[in-house]
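Coordinate analysis (summary)
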Amino acid sequence: PEGVFELVTADRELTREVGDEMCVNSIIKKISFTGSTPVGKLLMKQSSDTVKRLSLELGGNASFIVFDDADLDVAVNAAMS
């Protein structure tokens, strides 16, 4: 939909500043983050004053998406290898 960010990137020097702005800006209603548990906890804490919706995928190092039409046996074998 119009007005939605799909991906926001920043270099190492600006990452904290971008994250802070996303968390405290009342225009932003939801944050989706995939990464470390410590960063996810920080985003949750910083977003609490504006009561944002959060979608967090934390702690893993091998994301794996299985689509509706996938062969589940093949998907399970691929995930386990």
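In this text the structure is predicted, and so the values were computed from the model without any measurement.

1. Comments concerning the layout of surface pockets
In this structure, the largest pocket occupies an estimated 950 Å³ of space. Forming the walls of the largest pocket are 26 residues, and the residues nearest its centre are Val8, Met22, Ile31, Ser32 and Phe33. Where the lining of the largest pocket is concerned, the elements lending two or more residues are α1 (15-24), β1 (30-35) and α2 (37-47). The greatest single-element share of the lining of the largest pocket, amounting to six residues, is contributed by α1. Counted by class, the lining of the largest pocket contains 14 nonpolar, seven polar and five charged residues.

2. Examining the environment of threonine 50
By the element assignment, threonine 50 lies in the loop between α2 and β2 (53-58). A residue is classified by how much of its surface remains accessible, and threonine 50, at 29% relative accessible area, is partly exposed. Spatially, the C-alpha atom of threonine 50 lies 17 Å from that of phenylalanine 33, the residues being 17 residues apart in sequence. Those residues in contact with threonine 50 that lie beyond four places of it in its chain are Cys23, Val24 and Ser26.

What counts as what
- Residues numbered from 1 in each chain as written.
- Predicted model: local features only at pLDDT ≥ 70, side-chain atom pairs only at ≥ 80, totals over all residues.
- Heavy atoms only, no water.
- 1 Å grid on protein atoms, 1.4 Å probe; cavity = no way out; pocket = protein on both sides within 12 Å on 5 of 7 lines; lining within 4 Å.
- Points joined across faces, edges and corners; volume = space filled by probe spheres on them.
- Helix = DSSP H or I, 4+ residues; strand = E, 2+ residues; numbered from the N terminus.
- Nonpolar A, V, L, I, M, F, W, Y, C, P; charged D, E, K, R; others polar.
- Buried < 20%, exposed > 50% of the residue type's maximum accessible area, 1.4 Å probe, protein only.
- Contact = heavy atoms within 4.5 Å.

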